[in-house]
Amino acid sequence: MAKRIDVSDLNIYYGSFLAVQDVTVSIEPRSVTALIGPSGCGKSTFLRSINRMHEVLPGARVEGKVIMDGQDLYGPGVDPVDVRRQIGMVFQRPNPFPTMSIYDNVAAGLRLNNKKISKSDLDGLVERSLRGANLWTEVKDRLGRPASGLSGGQQQRLCIARAIAVEPDVLLMDEPASALDPISTLAIEDLMTELKERFTIVIVTHNMQQAARVSEQTGFFNIAGAGQPGRLIEFNPTEKIFSNPDQKATEDYISGRFG
Ligand SMILES: Nc1ncnc2c1ncn2[C@@H]1O[C@H](COP(=O)(O)OP(=O)(O)OP(=O)(O)O)[C@@H](O)[C@H]1O
Ligand SMILES: [Mg+2]
């Protein structure tokens, strides 16, 4: 079930380095939110802080709040593993378990969550997830083959199938189409449009047309200079960002004048 995310006063550190400063933003359920901005401004860092993946690095920490439907994800007693189950992530480079079969890649998380799941239930969920990721017809006759035998675009859709198999509430996607050809890119965009009926989706992209095509809201991150923290400069409906942004820096960025 899609949930809303409310981030307030978030600072994100790598050791003593403040990488992202003072982000306050609300992410609406059942919609796609796009994050854009120049390289190094902290988009990936921000994304990883939403599902508590950031803190797996030694010395990495956050200050501030990330609230999902009223629950503070950084509150006492909250299990980060639980948070990561509820908030799935798809990375820029597809990262299937290469020697594992296509089937097992999708089933892995389901087995972990439910040790007693029956073979027939698992079969059903694996099929549903692969259909959801628009991959089923391409792989249904080779589910037992290793995932490494798939094309890059297929592997990315496999990772999406793996992420949606456990029915997360929120799906974070870090440049999911950056390594893909235009056809696979459009397939992934179509897929996002379908998935937003059920999930809250946040996508990082360097592709302005893609942000304009798929998202309802867009956030522009920027950085004042090397060593400075990234900041969320503007957050507005996508249509406004691309036609009449509030900030000059946003306009300069989207019209390609820098970044
Ligand atoms: N593991 C890390 N340890 C220390 N600093 C890091 C680490 N990962 C990222 N950073 C720094 O944090 C800042 C933000 O990086 P981040 O990867 O979030 O940027 P980004 O906006 O995703 O860039 P890109 O568009 O190139 O992917 C950068 O200054 C980067 O060097
Ligand atoms: Mg990044």
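Look up: the structure comes first, before these words.
Residues numbered from 1 in each chain as written. Chains lettered and ligands numbered in written order. Predicted model: local features only at pLDDT ≥ 70, side-chain atom pairs only at ≥ 80, totals over all residues. Heavy atoms only, no water.

Visitor: Would you mind showing me how to read helix α3 (residues 102–113) here?
Guide: An α-helical turn contains 3.6 residues, so a residue and the one three or four places further along point in the same direction. When α3 is considered as a whole, its buried residues turn out to be I102, Y103, N105, V106, A107 and L110. Considering only its buried residues, α3 is in contact with α4 (119–132), α5 (136–139) and α6 (152–165). (Buried < 20%, exposed > 50% of the residue type's maximum accessible area, 1.4 Å probe, protein only. Helix = DSSP H or I, 4+ residues; strand = E, 2+ residues; numbered from the N terminus. Contact = heavy atoms within 4.5 Å.)

Visitor: Any chance you could explain the pairing of strand β1 (residues 5–14) here in plain terms?
Guide: Walk down a regular strand and you will see the side chains alternate between the two sheet faces. Two strands pair when backbone bridges link them, and β1 and strand β2 (residues 17–27) are joined in this way by seven bridges, in the antiparallel orientation. Of the residues in β2, the one forming a bridge with I12 is V20. Remark: two residues form the turn of the hairpin made by β1 and β2, two consecutive strands paired antiparallel; G15 in that turn has positive phi of roughly 60°. Taken together, the eight bridges between β1 and strand β4 (residues 60–68) define a ladder with antiparallel strand orientation. Across the sheet, residue Y13 finds its bridge partner in β4, namely R61. (Pairing = 2+ DSSP bridges.)

Visitor: I would appreciate a short explanation of the layout of surface pockets in the present structure.
Guide: Where empty space is left can be seen by rolling a probe of water-molecule size over the atoms. Empty space within the largest pocket amounts to approximately 680 Å³. When residues of the lining of the largest pocket are traced back to their parent elements, those giving at least two are α2 (80–86), β6 (87–90), α3 and α6. A per-class count over the lining of the largest pocket returns 12 nonpolar, five polar and five charged. (1 Å grid on protein atoms, 1.4 Å probe; cavity = no way out; pocket = protein on both sides within 12 Å on 5 of 7 lines; lining within 4 Å. Points joined across faces, edges and corners; volume = space filled by probe spheres on them. Nonpolar A, V, L, I, M, F, W, Y, C, P; charged D, E, K, R; others polar.)

Visitor: Which parts of the structure should I look at to understand the site of ligand 1?
Guide: The environment of ligand 1 is made up of 14 residues, and the closest members are S39, G40, K43, T45 and H206. Note that an oxygen atom of ligand 1 is positioned 3.0 Å from one of the backbone N or O atoms of G42. One of the side-chain nitrogen or oxygen atoms of S44 is found 2.8 Å away from an oxygen atom of ligand 1. Protein chains bury 64% of the 640 Å² of accessible surface belonging to ligand 1 in isolation. Elements with a minimum of two residues in the shell around ligand 1: β2 and α1 (43–50). No other element matches the three residues that α1 contributes to the shell around ligand 1. Here the shell around ligand 1 is built from residues that sort into six nonpolar, six polar and two charged. (Near = heavy atom within 4 Å. Polar contact = N/O pair within 3.5 Å; in protein donor to acceptor, adjacent residues only side chain to side chain. Areas by Shrake-Rupley, 256 points an atom, 1.4 Å probe, with all protein chains shown as cover.)

Visitor: Whenever I open this one, the nonpolar core confuses me. Can you help?
Guide: For soluble globular proteins, the rule of thumb is that nonpolar side chains tend to be buried together. Judged by nonpolar contacts, the single largest core of 44 residues is most densely connected at L130, L158, I160, M173 and L195. Within the second largest apolar cluster, 29 residues are counted, among which are I5, L10, M68 and L172. (Core = buried A, V, L, I, M, F, W, Y, C linked by side-chain atoms within 4.5 Å.)

Visitor: Got a minute to help me understand the pattern of salt bridges in this structure?
Guide: Working definition: two side chains of opposite charge can pair if their charged atoms are close together. Following the criterion strictly, the structure yields 17 salt bridges and no others. Residue R131 is joined to E127 by a salt bridge in which the shortest nitrogen-to-oxygen separation is 2.8 Å. Here the residue R131 and the residue E127 both occupy positions in helix α4, the gap between them amounting to four residues, near one helical turn. For E127, a relative accessible area of 27% puts it in the partly exposed group. (Salt bridge = Lys/Arg side-chain N within 4 Å of Asp/Glu carboxyl O.)

Visitor: Just checking my understanding: could you explain the packing of α3 against α6 for this structure?
Guide: Between two packed helices, the angle of one axis relative to the other and the distance separating the axes together describe the packing. With their axes 8 Å apart at the nearest point, α3 and α6 run at an angle of 25° to one another. The orientation of α3 with respect to α6, classified from their angle, is roughly parallel. For the pair α3 and α6, the crossing hand works out as right-handed. Along its contact with α3, which presents I102, N105, V106 and L110, the element α6 presents L158, A161, R162 and A165. Partitioning the contact of α3 with α6 into residue classes produces six nonpolar, one polar and one charged. (Axes fitted to C-alpha atoms, helices over the stretch in contact; angles between N-to-C directions. Parallel < 35°, antiparallel > 145°, perpendicular 65-115°, else oblique. Left-handed = near helix turned anticlockwise from the far one by under 90°.)

Interpretation in functional terms is not warranted from these geometric data alone.
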